[in-house]
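# Architecture and fold: a report
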Amino acid sequence: MSNNRFAVWAMPQILLEVTAKFKFLKVVEIPKFQNENIVAQQGLFTSHIPALKSESGTPQTLPAFKNNDRFPYLDEYLSDSAGDDLHQKLLDKLKGKPLCFTLKYNEIAPIRRKLDQLNITWASMMPNLEGATKEAIRRSAMKNYIDF
């Protein structure tokens, strides 16, 4: 068995909405009729790095992590009030925070079975030929795997 780990992120939408009220956060929801994968996933896209200049041509301040050596990851950015008291109070009251669940490779199979029971598969997340192909390959590979 491998020592590799698998990560799953969960971020509540309310956290995105609160952050967007206090600092730059662009949330883009693609019209559902334009992409069947997004319809199936109920997905959206985010950007927390603004353009270098605003639409009026004014230079914008880019977000930086604590010692200014890199851009913050989205979860860091969402959890940082940047010293704004009201923003911090709202963050403190929110029930959900960005969470990263990491699993050992051998823990994936039981979760995969539960997802199968809930009909969350490649085919349901990507309802096209690519999703069906990936699901067929995954099921074929699972036949050779026995989980105790």
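The model shown is predicted, which means the values in this text are computed figures rather than measured ones.

## Remarks on the pattern of salt bridges
- Taken as a whole, this structure holds four salt bridges when the rule is applied.
- Residues arginine 138 and aspartate 116 are paired through a salt bridge, measuring 2.9 Å at the closest nitrogen-oxygen approach. Taken as a pair, arginine 138 in helix α7 (residues 129-143) and aspartate 116 in helix α5 (residues 108-117) lie far apart in primary sequence, 22 residues in all.
- On the basis of relative accessible area, aspartate 116 is assigned to the partly exposed category, the value being 30%.
- A salt bridge links glutamate 130 to lysine 134, with the shortest nitrogen-to-oxygen separation between them at 3.3 Å. Taken together, the residues glutamate 130 and lysine 134, both in helix α7 and four residues apart, mark about one turn of the helix.
- Linked through salt bridges whose partners overlap, the residues forming this network are Asp116, Glu135, Arg138 and Arg139.

## Looking at the nonpolar core
- Core analysis: the biggest nonpolar cluster contains eight residues, these being Leu15, Leu16, Val18, Leu25, Leu74, Leu78, Leu91 and Leu94.
- Contributions of two or more residues to this core are made by α1 (13-22) and α3 (74-79).
- With three residues, α1 is the single largest residue contributor to this core.

## Re the packing of aromatic side chains
- If you walk through the whole model with that rule in mind, you get zero aromatic pairs.
- Directly above the aromatic system of tyrosine 77 lies the positively charged group of lysine 23, at a separation of 4.1 Å from the ring centroid.

## Here's the deal with the environment of alanine 82
- Secondary-structure assignment places alanine 82 in the loop between α3 and α4 (85-93).
- Using a relative accessible area of 61% as the deciding quantity, one classes alanine 82 as exposed.
- Residues alanine 82 and lysine 23, spaced 59 residues apart in sequence, show a C-alpha to C-alpha distance of 9.1 Å.

## Regarding the side chain of threonine 121
- Tracing the backbone shows threonine 121 in the loop between α5 and α6 (122-125).
- When neighbours within four sequence positions are excluded, threonine 121 is seen to be in contact with Arg112, Asp116, Glu135 and Arg139.

## Comments concerning α1
- By the burial criterion, the buried members of α1 are Leu15, Leu16, Val18 and Thr19. Looking straight down α1, one finds that the buried residues subtend no more than 165 degrees of arc, so they occupy a single side.
- Looking at the buried residues of α1, the elements they touch are β2 (26-28), β3 (45-47), α3 and α4.

How each quantity is defined
Residues numbered from 1 in each chain as written. Predicted model: local features only at pLDDT ≥ 70, side-chain atom pairs only at ≥ 80, totals over all residues. Heavy atoms only, no water. Salt bridge = Lys/Arg side-chain N within 4 Å of Asp/Glu carboxyl O. Helix = DSSP H or I, 4+ residues; strand = E, 2+ residues; numbered from the N terminus. Buried < 20%, exposed > 50% of the residue type's maximum accessible area, 1.4 Å probe, protein only. Core = buried A, V, L, I, M, F, W, Y, C linked by side-chain atoms within 4.5 Å. Phe/Tyr/Trp six-rings, centres within 6.5 Å; stacked < 30°, edge-to-face > 60°. Lys NZ or Arg CZ within 6 Å of the ring centre and 35° of its normal. Contact = heavy atoms within 4.5 Å. Arc of directions from axis to C-beta.

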